[in-house]
Amino acid sequence: MKINKLKKITTGAALLTGLFVASVQSTFAMCPVCTVAVLGGVELSHYLGIDDVITGLWIGALMVSITMWTSNWLRNKKWRYIPKGAAFWFIIWVLMTYVPLYQYRFFGHNNSQLWGIDKIIIGSMFGVVIFALAVVVHNWLKARNGDKVYVQFQRVIIPVSFLIIGSVAFYFITK
């Protein structure tokens, strides 16, 4: 039952993301491939029965990626009354993520806690930090190399690699 609810949530998020991507005409700080990889990771981890903290890790990364997309896209628009700051949109995306998860009762289970905090929430907090750190590392490497990437798809490889390393670490922490 829990997997069906997550499929509905991720399908809705994928559709909204797809509509957003279809309307985008410029390049952003994070590419669509990276966001789709994060979304696919969420779906795959739950389908395979992977621990909620690891799923939360990918959810947190997805929130950062979509926040960056939204903020950058709005910065290019001439709309006066719509906030363009990343902090505002991060809060919106956190609410749009956590409220449905709360409504479908993904939170609050006694057997789904790590260090006294719900596993999805703690995982998403770490996912936010890991993904943001990966973006910083990518930007630092790019700036160090004369505004050029070292390897093709570096912008995708670094965040996904950081998330995989974080997932493996939490696998052994929660085992």
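No experiment lies behind these values; they were computed from the predicted model shown.

Here we come to the overall build of the chain. Along the backbone of the chain there are six helices and two strands. Element order for the chain, N to C, with α for helix and β for strand: α-α-α-α-β-β-α-α. Considering only contacts within the chain whose residues lie at least 6 apart along the sequence, 69% involve residues at least 24 apart. Surface accessibility of the chain: about 10100 Å² in total, with carbon and sulfur atoms responsible for 67%.

On to unusual backbone geometry. In this structure, aspartate 147 is a non-glycine residue whose phi angle is positive, near 65°. For aspartate 147, the position within the fold is in the loop between helix H5 (119-144) and helix H6 (154-174). For aspartate 147, a relative accessible area of 57% translates into the label exposed. Positive phi, normally seen in glycine, also occurs at phenylalanine 153, with a value near 65°.

This part takes up the packing of helix H3 (residues 52-75) against H5. The packing of two helices is summarised by the inter-axis angle and the distance between the axes. Relative orientation of the contacting elements H3 and H5 amounts to 50°, with a least axis distance of 6 Å. As the angle between them shows, H3 and H5 are arranged oblique. Note on packing geometry: the crossing formed by H3 with H5 is right-handed. Touching Asp52, Val53, Gly56, Leu57, Ile59, Gly60, Ala61, Met63, Val64, Ser65 and Met68 of H3 are Lys119, Ile120, Ile122, Gly123, Ser124, Phe126, Gly127, Val128, Ile130, Phe131 and Val135, all from H5. Broken down by class, the residue content of the contact of H3 with H5 amounts to 14 nonpolar, six polar and two charged.

Let us look at the pattern of salt bridges. In total, this model carries one salt bridge according to the counting rule given. Across the pair aspartate 51 and lysine 119 runs a salt bridge whose closest N-O atoms are separated by 2.8 Å. Of this pair, aspartate 51 sits in the loop between helix H2 (32-47) and H3 while lysine 119 sits in helix H5, and the two are 68 residues apart along the sequence.

Cut-offs applied
Residues numbered from 1 in each chain as written. Predicted model: local features only at pLDDT ≥ 70, side-chain atom pairs only at ≥ 80, totals over all residues. Heavy atoms only, no water. Helix = DSSP H or I, 4+ residues; strand = E, 2+ residues; numbered from the N terminus. Contact = heavy atoms within 4.5 Å. Areas by Shrake-Rupley, 256 points an atom, 1.4 Å probe, with all protein chains shown as cover. Buried < 20%, exposed > 50% of the residue type's maximum accessible area, 1.4 Å probe, protein only. Axes fitted to C-alpha atoms, helices over the stretch in contact; angles between N-to-C directions. Parallel < 35°, antiparallel > 145°, perpendicular 65-115°, else oblique. Left-handed = near helix turned anticlockwise from the far one by under 90°. Nonpolar A, V, L, I, M, F, W, Y, C, P; charged D, E, K, R; others polar. Salt bridge = Lys/Arg side-chain N within 4 Å of Asp/Glu carboxyl O.

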